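Breakdown of the fold
Residues per chain are reported as follows:
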Amino acid sequence: MNMARDKILDEIKTATSSNRQAFTYHISGISYADKTRTFIQGVEANGGSVFQTKDKTAIENFIHAERDAGKNIQYITSGQKLDCALETLYHIDTAVITGGIAVAENGAVWVSEKDMGHRLLPFTCKQLVLIVEEKNIVHNLHEAYAAINITDTNYGVFIAGPSKTADIEQSLVIGAHGPLNHFVFIINL
Amino acid sequence: MAEHSHNAAAFIADEARTNWHDETLWMVRAKRDKAALQLPEWEQLRQTASAIKEHTLNNLDTYLIAFEKKALANGVHIHWAYNSEEHNSIVYALLQKSGVTKVVKSKSMLTEECNLNEYLLHKGIQVTDTDLGERIVQLRNEAPSHIVLPAIHLKKEDVSDTFHQHLHTEKGNTDALYLTRQARVHLRNHFYESEAALTGVNFAVAETGSIVVCTNEGNADLGVHTAKIHIASMGIEKVIPEAKDLGVFLRLLARSATGQAVTTYSSHFNSPMPGREMHVIILNNKRTEQLANPDFSNSLKCIRCAACFNTCPVYRRSGGHSYHTVIAGPIGSILAPNLDKKANADLPFASTLCGSCSNVCPVKIDIHIQLWKWRQVLMKEGYGTLPKKISMKGMGWILSHPRLYRFAGTVARWMMRNMPFVINNKRWNIWYRQRNMPAPPAQSFKQWHQKNHSK
């Protein structure tokens, strides 16, 4: 198929030879008086919930409560690889994952493959719990991309809330194919 | 293939449904406005996005080569397809090589453009669309009527009937939550069993070799992370220079599409999981022809948000299927003639040229100007319908002969008064079919002007 490659590139060259100068731009995105508050509002607008905590005890208590309730829970600690069968991954109730940069303007949290145990985990679990450090909250996506190097990981995803759809008559349904619930713990150490 | 006006007539026959369609899409447009107004830098974002795309298109070969180089280094396989046939053969060869018979597919307008589903079905491969709206239309054997909201032409009763027939849901249960949960169970089985996952590409980053896919349902990720093979299909215009450009485009995309601040998932795929394969197919399919045409090349900036659909008075009242093309609406009407002038000659005329599409476009494509330009091209090259040719020729002739024009005006006013049936004839006067004739004025404007203002 290299014939196709050469042909396409040649045709592009012929079509575009006129204007090839370099291009730069700068945008300073919106900033908020209280970016933590805006982030919380963003997550809630997307159908998720947020808990703020001073220490990690609240998270541990939450995990204990889930276990006591008989939930199948996966708590991924730093760098841990989750090596289990597809079958198991598809039947996890709650996944607790540490996120990176969090974005105030849209409630999204960057989650890198290194921190999610397995790429499927944030998607197959019924309930996703993300842990975010308050100092990692930035105002907008421009700041987020300035802070993240997307090639630090083989796969990374901004997750802004629970999976959702409005494909049936534009009625919003929280919980499409991925998680039905979305929680974010903001830790202010 | 029936013309847009003909299909639209069938669509508007159900007035209640037409009104619902119109109002629902206008509601989505209103959400877009609300989201846009929350950002003081909105217009700067649009301007910048348009400029980034302009620059990328002007250097497209350089950025595609850079993307390819990085992606290869990341362990991603790159394939080039000159047309849709080549694209489909590449997909099939990859599936065949690994003995794959079941694939899941997340939303990709490009694979619709290539008619991939039908092609694979003929080869004995089961393709399951996993976006809920796309799954609904797939079960009904229909095409999506909107690129972001594929089943927007359907009511929940229709979905309920379709699901009852195919997924054995309760008959008559039209609850959206119930139906969505049933689809979740149904599709989770397909995800679990799939051997390969096909996706589209929202953005391909030249700097890093990454591809970015945006969904709300999580369906692209469930498919890709489960299957052994990921095949992503992109048009040559999907590449952007740097990762930081994603900040600009992701801020615009969801806000323009649905009024959300961002889609639930913005997934960045750099390289496959160990032991798995990731393929990217880069497709031309006449895009280089479009690029070579200065009047129409900037339509390649499109990021497929469908804001122009939601705002368009013609789209809202005629439905996506009236456009008989994969991408409907204003942007579809300027992309389609590039693919096939003859088959799509009616589409640039399916517009009021009001300009609302251009005003909401996040990458500032001059959509309504291009609709108007396509009309010139298509008429000049003889693709107009006979009534259009005759009426335009006739009008041109009369308007260029002032005396004849005045005489024709007098005759027309007399006819409207004394023989209205000649003009009020829905059979012969196409223009009258959806309109009422105004009351004939007693005199022409020229007569009125001479009487009142000439000295």
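Residues numbered from 1 in each chain as written. Chains lettered and ligands numbered in written order. Predicted model: local features only at pLDDT ≥ 70, side-chain atom pairs only at ≥ 80, totals over all residues. Heavy atoms only, no water.

1. Focus: the overall build of chain A
Within chain A, the regular secondary structure consists of 7 helices and 11 strands. Against the compact-globule benchmark of 16 Å for 189 residues, chain A has a radius of gyration of 20 Å, which places it well outside the compact range. With the principal axes as the frame, chain A shows a C-alpha extent of 65 × 45 × 40 Å. Looking at chain A alone, contacts between residues at least 24 apart form 73% of all its contacts between residues at least 6 apart. Summed over all atoms, the accessible surface of chain A reaches about 8300 Å², with 48% contributed by carbon and sulfur. (Helix = DSSP H or I, 4+ residues; strand = E, 2+ residues; numbered from the N terminus. Rg over C-alpha atoms; globule rule 2.2 N^0.38 Å. Contact = heavy atoms within 4.5 Å. Areas by Shrake-Rupley, 256 points an atom, 1.4 Å probe, with all protein chains shown as cover.)

2. Details of the interface of chain A and chain B
Tallying the contact residues gives 68 residues for chain A and 93 residues for chain B. Together chain A and chain B conceal approximately 6800 Å² of surface at their shared face, both sides included; 61% is due to carbon and sulfur atoms. Counting across the chain A and chain B interface gives 5 salt bridges. In this structure, the salt-bridge partner of B:Arg255 is A:Glu105, at a minimum N-O distance of 2.7 Å. Linking chain A with chain B are 39 residue pairs in polar contact (both at pLDDT 80 or more). Listed by contribution, the elements that provide at least two residues to the side of chain A that touches chain B are α1 (2-16), α4 (86-89), α6 (121-124), α7 (141-147), β8 (155-159), β9 (164-165) and β10 (173-174) of chain A. Looking at the side of chain A that touches chain B, the element that brings in the most residues is α1(A), giving 10 residues. Residues belonging to the side of chain A that touches chain B are distributed by class as follows: 33 nonpolar, 22 polar and 13 charged. (Buried area = accessible area lost by both parts, 1.4 Å probe. Salt bridge = Lys/Arg side-chain N within 4 Å of Asp/Glu carboxyl O. Polar contact = N/O pair within 3.5 Å; in protein donor to acceptor, adjacent residues only side chain to side chain. Nonpolar A, V, L, I, M, F, W, Y, C, P; charged D, E, K, R; others polar.)

3. Digging into the domain arrangement of chain B
All names here are of chain B. Under the domain assignment, chain B is made up of domain 1 (1-38 + 299-384), domain 2 (55-285) and domain 3 (389-452). When each unit is reduced to the centre of its C-alpha atoms, the spacing between domain 1 and domain 2 is 23 Å. The partner domain 2 presents 29 residues to the 28 residues of domain 1 that form the contact. Taken together, the two surfaces of domain 1 and domain 2 that pack against each other cover about 2600 Å², and 66% of this comes from carbon and sulfur. Our count for the contact surface shared by domain 1 and domain 2 stands at 2 salt bridges. (Domains from an automatic or database assignment.)

4. Observations concerning the packing of aromatic side chains
All told, the structure shown has 16 aromatic pairs over all chains when counted by the stated rule. In this structure an aromatic cluster arises from ring pairing among A:Phe51, A:Phe62, A:Phe183 and A:Phe185. Looking at A:Lys7, its charged tip hangs above the ring of B:Tyr82, at a distance of 4.1 Å from the centre. Positioned above the aromatic ring of B:Phe249, the side-chain terminus of B:Lys53 is 5.4 Å from the ring centre. (Phe/Tyr/Trp six-rings, centres within 6.5 Å; stacked < 30°, edge-to-face > 60°. Lys NZ or Arg CZ within 6 Å of the ring centre and 35° of its normal.)

5. Description of the state of the cysteines
Think of a disulfide as a covalent bridge from one cysteine sulfur atom to another cysteine sulfur atom. All names here are of chain B. Overall, the coordinates contain 0 disulfides over all chains when judged by the stated rule. The cysteine cysteine 214 is free of any disulfide, with cysteine 305 supplying the nearest cysteine sulfur at 12 Å. Among the residues examined, cysteine 214 registers a relative accessible area of 15% and is labelled buried. Free cysteine cysteine 302: the closest other cysteine sulfur is in cysteine 308, separated by 6.6 Å. (Disulfide = S-S within 2.5 Å. Buried < 20%, exposed > 50% of the residue type's maximum accessible area, 1.4 Å probe, protein only.)

6. With respect to the nonpolar core
In terms of nonpolar packing, the biggest core is built from 73 residues, with A:Phe158, B:Phe203, B:Phe309 and B:Ile331 touching the most fellow members. When residues of this core are assigned to their parent elements, the largest contribution, 7 residues, is made by helix α12 (residues 245-257) of chain B. Mapped onto the domain boundaries, this core takes at least three residues apiece from domain 1 (1-38 + 299-384) and domain 2 (55-285) of chain B. Core analysis: the next-biggest nonpolar cluster, separate from the first, contains 67 residues, A:Val111, B:Leu60, B:Val104 and B:Met234 among them. (Core = buried A, V, L, I, M, F, W, Y, C linked by side-chain atoms within 4.5 Å.)

7. Comments concerning the packing of helix α16 (residues 329-339) of chain B against helix α18 (residues 367-380) of chain B
All names here are of chain B. The contact between α16 and α18 brings their axes to 9 Å, and the two run at 40°. Here α16 lies oblique to α18, going by the angle between them. Between α16 and α18 the crossing geometry is left-handed. Within the contact between the two elements, α16 uses Pro330, Ile331, Ser333, Ile334, Pro337 and Asn338 and α18 uses Ile367, Gln370, Leu371 and Trp374. (Axes fitted to C-alpha atoms, helices over the stretch in contact; angles between N-to-C directions. Parallel < 35°, antiparallel > 145°, perpendicular 65-115°, else oblique. Left-handed = near helix turned anticlockwise from the far one by under 90°.)

8. Some remarks on the side chain of B:Thr180
With respect to the helices and strands, B:Thr180 occurs in helix α10 (residues 176-193). When its relative accessible area of 4% is taken as the criterion, B:Thr180 is described as buried. At a separation of 2.7 Å, a polar atom in the side chain of B:Thr180 contacts the main-chain carbonyl oxygen of B:Ala176. Residues within four places of B:Thr180 in sequence aside, it is in contact with A:Thr165, A:Ile168, A:Val173, A:Gly175, A:Ala176 and B:Leu132.

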